[in-house]
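# Fold and geometry: a report
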Amino acid sequence: MGKKSRVKTQKSGSGASAVVSPKEMMNLISELLQKCSSTAPSAGKEWEEYIQIRGLVEKIRKKQKGLSVVFEGSREDYFSDLMSWAQESGASCDGFTVTDFGTEGYGLRATRDIKAEELFLWIPRKMLMTVESAQYSVLGPLYSQDRILQAMGNVTLALHLLCERADPASSWLPYIRSLPQEYDTPLYYQQDEVQQLLGTQAVQDVLSQYKNTARQYAYFYKLVQTHPAASKLALKDSFTFDDYRWAVSSVMTRQNQIPTEDGSRVTLALIPLWDMCNHTNVLITTGYNLEDDRCECVALQDYKENEQIYIFYGTRSNAEFVIHNGFFFQDNAHDRVKIKLGVSKSERLYAMKAEVLARAGIPASCVFALHCNEPPISAQLLAFLRVFCMTEEELKDYLLGDRAINKIFTLGNSEFPVSWDNEIKLWTFLETRAALLLKTYKTTSEEDRSMLEKPDLSVHSRVAIQLRLAEKQILEKASASGRAKRLHFQKKLEEGASLPRYEESDIALLENTDADAKLPIILHKLEEVEEGQEIQVEEHSHLLNGEKVVYGMEANGEPVQVETKAKVSKDVQSALDSNGSSTQKGQRDVAERTEENPKENGE
């Protein structure tokens, strides 16, 4: 079972290219770094830039052909070693086994009946690959001197993974050998498959992901070849783009946030065995037990013997699943599309609108989300649209009128309209905006459905078209919902219905209800983020000091504790900004996983 050789370098006679001089390779790498570090292209030129970057990457890949480090045999040859290593390390292994579930890929199959809420899986810290273990590894000297690694745990984990993969004596080899050899993230898409995403809300993130990965690779290739602290790294002799793409995808689809040993902060980790679980719609059931120093997972439902055991990856949209996990989830109850809105600074009432929004804790320019279910908009978006559509008199009332401060709490509550005219305006705006967004797609929903019926469609093209269609369906529902609401409030206006009035006693209702649209705006910070940041809604449940808390990663990469859900920044890949410095705009999957997608579905 793959025992002959732990690791090898591909050198098939027909596959390996002619020897490339270090100078020639460094010139290509420098060209790639310069191209990826240039200023952002003008609107509409992103695809052209992507083609240019991809062309350079393909030149590098061609010259590196046959040099990537791979393991002998197939992935499944090493599952028995993974289970044996886990058992020897103190993990629980008696209730499940790794099984191939066809289109869902590998997952965990129950080998006995498991009851809901039963603790069936735990993984001790010594099995985890973390940023801390990287610091004490062969990567440590370089980590201590490079500010990018120090600032970006996800990149540190990727290089840590590559260094350990190249070490025949690494204690993590049973885990590393069990990982997929390739992934279905867009980093692995062919150019024509990426092209299927043009016009979608997700394409910008896909193109940015590729650019950021290429920039990171070029930066670290030069660093590994030139920095004295990297002289002992195995990567110095063989560090291909394919190697880095594999490591980045492994981390992106699996990383999670756990507390440090003393519980004072959080760190990033790869959690062996647990990350084999596939995703379904339920609740987070994984936490970290600091007392026993281990990751623990309880069953989210009753499982009969031979049934697949699932976990919940978090409230991700299908765009996030596709971009960061490599699969499309058909029945995603949390699917949504981004919509960028802002009050024009040239508008006469800009200052007044910006002030009302500021009092509600909402920026004047913001990325919101349209949801797949009803209502299609959150409390924050409802509040924004109400202010966006206010007249001067209505703005004055919310700034200077009786109980103006308290009335801010009603902005996101569907039961307390500003006026019937205001409701008509905002729902008309939503109806029209969604309809206009639908017109930007090059294909119709009917054409997409027809394409999906083609039997020769590649897996990646199918996923891209599924995502494209899902976006359109959300926009279609939002437009239809806007129309229905507009007609409803037009009827109210025509009937001369009395406008519901906010009373101070209503504050209890606003704070205690479960309905999204009734939450006070200031307390309801879900997915909306200021322009220039990334949109992300994720849940991270950890058992810290005996108490369940929820963690998220803000745009600066710092852990924050919030009341219900955490927003995290977006792309595991967005590492280096245009001048080569670190930006934490990206520790996206940075942890989303204590039940945030441990693995790429289908892998």
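Everything in this summary refers to the structure shown in the same document. Starting afresh in each chain, residues are numbered from 1 along the sequence in its written order. In keeping with the model being predicted, local features are shown solely for residues with a pLDDT of at least 70 and side-chain atom pairs are shown and tallied solely at 80 or more, while totals for entire chains, interfaces and linings include all residues. To get the side-chain values, all heavy atoms of the structure are used, and hydrogens and water are removed first.

Take the overall build of the protein next. Numbering of helices and strands starts at the N terminus; helices are DSSP runs of H or I of at least 4 residues and strands are runs of E of at least 2. Across its full length, the protein carries 20 helices and 18 strands. Looking at the protein as a whole, 57% of its 603 residues are labelled buried. Between two residues, a contact is recorded if the distance between any of their heavy atoms is within 4.5 Å. Long-range pairs, those at least 24 residues apart, make up 76% of the contacts in the protein between residues at least 6 apart in sequence. Accessibility throughout is a Shrake-Rupley quantity obtained with a 1.4 Å probe, and a residue counts as covered only by protein chains that appear here. Accessible surface, the protein: about 25,100 Å² in total, of which carbon and sulfur atoms supply 49%. The cut-offs for exposure are 20% and 50% of the maximum accessible area for each residue type, with area from a 1.4 Å probe on protein chains only; residues under the lower value are buried, those over the upper are exposed, and the others partly exposed.

A pair of strands is labelled paired if DSSP reports no fewer than 2 bridges between them. Pairing in this open sheet of 3 strands is antiparallel, and the strands run S5-S11-S10 from one edge to the other. A strand with exactly one partner marks an edge of an open sheet, and here the two such strands are strand S5 (119–124) and strand S10 (286–289). With strand direction ignored, the average angle separating the axes of adjacent strands in the sheet is 25°. In this structure, S5 lies alongside strand S11 (residues 294–298), joined through 5 bridges in antiparallel fashion. The residue of S11 that forms the bridge with Trp122 is Glu296. Only C-alpha atoms enter the line fits that serve as axes; for helices the fit covers just the stretch in contact. Angles between N-to-C directions range over 0 to 180 degrees.

With that settled, consider helix H1 (residues 22–36). Over its 15 residues, H1 runs 21 Å from end to end, which matches the ideal 21 Å to within 8%, given 1.5 Å per residue. Regarding H1, the residues found buried are Met25, Leu28, Ile29, Leu32, Leu33 and Cys36. Mapping the buried residues of H1 onto a view down its axis gives an arc of 135°, with all of them on the same face. Summarising the geometry of H1, the exposed residues directed more than 90 degrees from the buried face are Lys23 and Gln34. Here, expected helix span is obtained from the residue count minus one, scaled by 1.5 Å. The directions from the helix axis to the C-beta atoms form the arc being described.

In this section: helix H19 (residues 459–495). Compared with an ideal rise of 1.5 Å per residue, which puts 37 residues at 54 Å, H19 spans 54 Å between its outermost C-alpha atoms and is within 8% of the ideal. Just downstream of H19, Gly496 is the residue with a positive phi angle, here 70°.

Moving on to the side chain of Arg54. Note that Arg54 resides in helix H2 (residues 46–63). His is not counted here, nor are the chain ends, while Lys and Arg score as positive and Asp and Glu score as negative. Each salt bridge in this description consists of a side-chain nitrogen of Lys or Arg and a carboxyl oxygen of Asp or Glu lying within 4 Å of one another. Although Arg54 is buried, it forms no salt bridge, and the closest oppositely charged side chain is Glu58 at an N-O distance of 4.3 Å. Here the side chain of Arg54 touches Tyr189 through a polar contact of 2.8 Å, landing on its backbone oxygen. Apart from the residues lying within four places of it in its own chain, the contact partners of Arg54 are Tyr189, Gln190, Gln191, Val194 and Tyr210. For the purposes of these results, a polar contact is taken to be a pair of N or O atoms within 3.5 Å, where, inside protein, one atom must be able to donate a hydrogen and its partner to accept one; residues adjacent in sequence count only when each atom of the pair is a side-chain atom.

Before going further, it helps to spend a moment on the sheet that holds strand S12 (residues 308–311). In spatial order, the strands read S3-S4-S12-S9; together these 4 strands make up an open sheet with mixed pairing. Edge positions in the sheet fall to strand S3 (96–100) and strand S9 (278–279), since each of these pairs with one other strand and no more. The pairing of strand S4 (residues 106–110) with S12 spans 2 bridges and is classified as antiparallel. Across the sheet, residue Leu108 finds its bridge partner in S12, namely Ile309.

A word on the environment of Leu179. With respect to the helices and strands, the residue Leu179 is situated in the loop between helix H8 (173–176) and helix H9 (191–195). For the pair formed by Leu179 and Pro272, sequence separation is 93 residues and the distance between their alpha carbons is 9.4 Å. The contacts of Leu179, once residues within four sequence positions are left out, are Arg75, Leu161, Trp246, Ser250 and Arg254.

We now examine the packing of H2 against helix H10 (residues 203–226). H10 packs onto H2 with a crossing angle of 35° between their chain directions and a minimal axis gap of 10 Å. For the crossing formed where H2 meets H10, the hand is left-handed. On H10, the residues touching Glu46, Trp47, Glu49, Tyr50, Ile53, Arg54, Val57, Glu58 and Ile60 of H2 are Gln204, Leu207, Tyr210, Lys211, Ala214 and Tyr217. Polar here means any residue other than Ala, Val, Leu, Ile, Met, Phe, Trp, Tyr, Cys and Pro, which are nonpolar, and Asp, Glu, Lys and Arg, which are charged; Gly is therefore polar. Its residues assigned to classes, the contact of H2 with H10 shows 9 nonpolar, 1 polar and 5 charged. For any helix crossing, the convention is left-handed if the near helix is rotated counterclockwise from the far helix by under a right angle, and right-handed if that rotation is clockwise.

Note that every value here comes from positions in space, so none of it alone points to a role or purpose.
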